[in-house]
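# Descriptive analysis of the structure
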Amino acid sequence: MEESSSPPYKGRNMDEPPAFKCDSSSLLSEDQFMCSVCLDEFTDPVTTPCGHNFCKTCLTQYWDNSPHCHCPLCKETFTKRPELKINTTLREVVDHFMKKKGLDKPAVLCDVCTGMKLKAVKSCLNCGLTFCKSHLELHYNVPKLMKHKLINPVENVEDYICQKHERPLELFCREDEMCVCQFCTETDHKTHKTVTIEEESGEKRTQLGKTQSEIQQMIQERLKNMEEIKHSVELRKKITEREIADSIEVFTAMVRSIERSQAELLQVMEEKQKAADRQAEGLIKDLEQEITELKRRDSELEQLSHTEDHIHLLQIYPTMNSPPHTKNWTDISINTDVNVETVRKVLSQLQEKLSETLNTKLKQAVSTELKRCQQYAEDVNLDPDTAHPKLILSDDGKQVTHGDTKQNLPDNPKRFYMYLIVLGKEGFSSGRFYYEVQVKGKTEWDVGVARESVNRKGDITLSPQDGFWTVILRNENQYKACAGPSVPLTLREKPQTVGVFVDYEEGLVSFYDVEARSHIYSYTGQSSAFTEKLYPYFSPCSNDGGKNSAPMIISCMFKTE
């Protein structure tokens, strides 16, 4: 109910119920007096700190069945469960509203009154009429009429009377599931089991109460499902936002690294150009000096070629006959090439920086994702009824090894006979779950999940088409995802513990190296194949004469809130 800007009950006797209109022109509606959990009028209404109202019982049961204490309407979470106190003012308003609502129903009028008809107080099933208070007096005073069946006034009295015998419908035939009169039990329903209307009505009310309880439970379950969906959407939104932020950070770092490396490369090239410029300037200066010297010698030779002083010519001939000393310019050139080794060094540094940045960011992202998956950890135990006769399980159901001798075990539909396989006890057909298994010291193993209906007696192929989503190790270092066809996996480190995460609704199965905090492989888009329960799947493979005798050990984990 909306708050008013002025006190709504000023000047009123507080012992009286609130005065307000309940007609069609009122600002109040029936919806304002209904609990959003049971969808019925408030019973002992209580108010949450966020200002919403619910039946006390509805809200108490909702919190008892929910992992978090929050408002069913606006989802505001309360760190401490609020103490619920009945909102007495709202209860008075609801009571008054319901009474007024009842008064607003059209009254049943007396069938006997002439002229202005009075309000009826009773209907007689023997007379088939409805009477006001004054016309009903005879039924209280006349002995014959005193035996008539009276009920609260109804408009359709004929619906309460047997159309065949014109007698009150006082009994119920359980074989024909219909109301009958006393005469009916002596004719058509003579051999049938009949009970009074009141007795049958009481049982039907009990059944309706059970049905109502089931419906309320269904409402609670759907509210819970709706809450889980909203939570899942919010969680996915936060993960997406985080992934976007991480991606931006990675690429920003890449761009910055490229820009730095580009600047370093440009600086190297500029320095090379400056060195080439200085070299050219020096060579040009030397050439200019040599040209000046050669021109002087050429001028002297020109003069000597016309001289008449023969003695002087012969004296300086040895000096003038040979060219002046100059550099050998044949092998001299300007170094215009950038040092290839320098460029390679810069590019190598760039690649190394990019690789380090990417590896760091990817490892951080995978580590965050793995922590999220571990929140859905389940306490997985091996199911001995599914284990191949040569598999030996520990007493606590956490370890499995391969034995050379076939055990004498009872046959059952769940047991695998052709392959060394064992499944977890609990299956999952919705939500998310996660488990970890230690494979340290093993040279071969299979890990994953399997569909409940997989073939357990005959030949199988590890593939999603046959109901298996697995990662395997063969020959000590050959890792594969059995995706049909298989996908070879290149892992930097040898996994010691493998984490398996399943999101049933998303159709996702992911594998992680727990110690290295790295991602191994993911099956995506499998929703159409997830049509039944999925079970944790394990195979320690053959012990290979002791080389592969190490056990597969399921880690004991606890869910983190």
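Predicted, not measured: the structure shown is a model, and the values here were computed from it.

This part covers the side chain of Lys-398. Its location among the elements puts Lys-398 in the loop between β9 (391-393) and β10 (399-402). What makes Lys-398 buried here is its relative accessible area of 6%. Looking at Lys-398, its side chain comes within polar contact range of the side chain of Asn-381, at 3.3 Å.

This model, assessed by the stated rule, comprises ten aromatic pairs. Their ring planes at 15 degrees and their centres at 4.1 Å tell us that Phe-428 and Phe-433 sit as a pair that is stacked. In this structure, Phe-428 and Phe-433 share a single accessibility class: buried. With a centroid separation of 5.6 Å and an interplanar angle of 75 degrees, the aromatic rings of Phe-468 and Tyr-537 are classed as edge-to-face. One end of the pair, Phe-468, is in strand β14 (residues 468-474); the other, Tyr-537, is in strand β20 (residues 534-539), with 69 residues separating them in the sequence. Exposure remark for Phe-468: the relative accessible area of 0% places this residue in the buried category. Among the residues examined, Tyr-537 registers a relative accessible area of 1% and is labelled buried. An aromatic cluster is built from Trp-469, Tyr-504 and Phe-530, whose rings are joined through pairwise contacts. The ring of Phe-183 has Arg-167 lying over it, and the distance from NZ or CZ to the ring centre is 5.4 Å.

Quick look at helix α1 (residues 56-64) now. Owing to its 3.6 residues per turn, the α-helix brings residues three or four apart onto one side. Along α1, the residues classified as buried are Cys-58, Leu-59, Tyr-62 and Trp-63. One face of α1 carries all of its buried residues, which in axial projection span an arc of 125 degrees. Of the exposed residues in α1, those oriented more than 90 degrees away from the buried face are Thr-57 and Asp-64.

This paragraph deals with the pairing of strand β13 (residues 445-451). Counted residue by residue, β13 has seven buried out of seven residues, so it is predominantly covered. Alternating residues of β13 divide into Trp-445, Val-447, Val-449 and Arg-451 and Asp-446, Gly-448 and Ala-450, and every residue in both groups is buried. The sheet contact formed by β13 and β14 spans six bridges and is antiparallel. By the bridge assignment for β14, Ala-450 is matched with Phe-468. Two elements, β13 and β20, share six bridges in a ladder whose sense is antiparallel. Pairing of Asp-446 across the sheet is with Ser-539, part of β20.

A few words on the environment of Pro-384. Take Pro-384: it is sitting in the loop between α7 (340-374) and β9. Given the relative accessible area of 42%, Pro-384 is considered partly exposed. Taking the C-alpha atoms as reference points, Pro-384 and Lys-414, separated by 30 residues in sequence, lie 9.5 Å from one another.

Attention now moves to the sheet that holds β14. The strand order across the open sheet built from six strands is β11-β20-β13-β14-β15-β16, with neighbouring strands paired in antiparallel fashion. Here the strands that pair on one side only, and so sit at the sheet edges, are β11 (422-423) and β16 (487-489).

As a further point, take the pairing of strand β18 (residues 508-513). Among the six residues in β18, six count as buried, and that is most of the element. Of the two faces of β18, the one carrying Leu-508, Ser-510 and Tyr-512 and the one carrying Val-509, Phe-511 and Asp-513 are both buried. Relative to β18, strand β17 (residues 497-503) runs antiparallel, the two being bridged by six bridges. In the sheet register, Val-498 faces β18, and the bridge partner there is Asp-513. Counting the residues between successive antiparallel strands, the hairpin from β17 to β18 contains four residues, one of them, Gly-507, with a positive phi of roughly 65 degrees. Where β18 meets strand β19 (residues 518-523), five bridges bridge the pair, whose relative direction is antiparallel. Following the sheet pairing, Tyr-512 is matched in β19 by His-519. The antiparallel pairing of β18 with β19 creates a hairpin that spans four residues between the two strands, and Arg-517 there sits at a positive phi of about 55 degrees.

On to the sheet that holds strand β8 (residues 194-196). The three strands are arranged β7-β6-β8 in an open sheet whose pairing can be described as antiparallel. Single-partner strands in this sheet number two, and they are β7 (178-180) and β8. On average, each strand axis in the sheet is inclined to that of its neighbour by 35 degrees, with strand direction left out of account. With three bridges connecting them, strand β6 (residues 171-173) and β7 associate as antiparallel partners. Of the residues in β7, the one forming a bridge with Leu-171 is Val-180.

The rules behind each value
- Positions within a chain are numbered from 1, following the residues in the order the chain's sequence is written.
- For this predicted model, a pLDDT threshold of at least 70 governs which residues receive local features, and a threshold of 80 or more governs which side-chain atom pairs are given and counted, while totals over whole chains, interfaces and linings are taken from all residues.
- As a rule here, side-chain values come from all non-hydrogen atoms in the structure, and water together with hydrogens is ignored.
- Note on conventions: DSSP H or I runs of at least 4 residues are helices, E runs of at least 2 residues are strands, and numbering of each starts at the N terminus.
- Whether a residue is buried, partly exposed or exposed follows from its accessible area with a 1.4 Å probe, protein chains only, as a fraction of its type maximum: under 20%, in between, or over 50%, in that order.
- Here a polar contact means two N or O atoms within 3.5 Å. Within protein one must be a hydrogen donor candidate and the other an acceptor candidate, and residues neighboring in sequence count only if both atoms are side-chain atoms.
- Here is the rule: rings of Phe, Tyr and Trp (six-membered ring for Trp) pair when centre to centre is within 6.5 Å. Planes less than 30 degrees apart are stacked, more than 60 are edge-to-face, and the remainder are tilted.
- Two limits define a charge over a ring: the Lys NZ or Arg CZ must be within 6 Å of the ring centre, and within 35 degrees of the ring normal.
- Our arc is simply the arc of the directions from the helix axis toward the C-beta atoms.
- A pair of strands counts as paired when DSSP detects no fewer than two bridges linking them.
- Working convention: axes come from line fits to C-alpha atoms, limited for helices to the stretch in contact. Angles between N-to-C directions cover 0 to 180 degrees.

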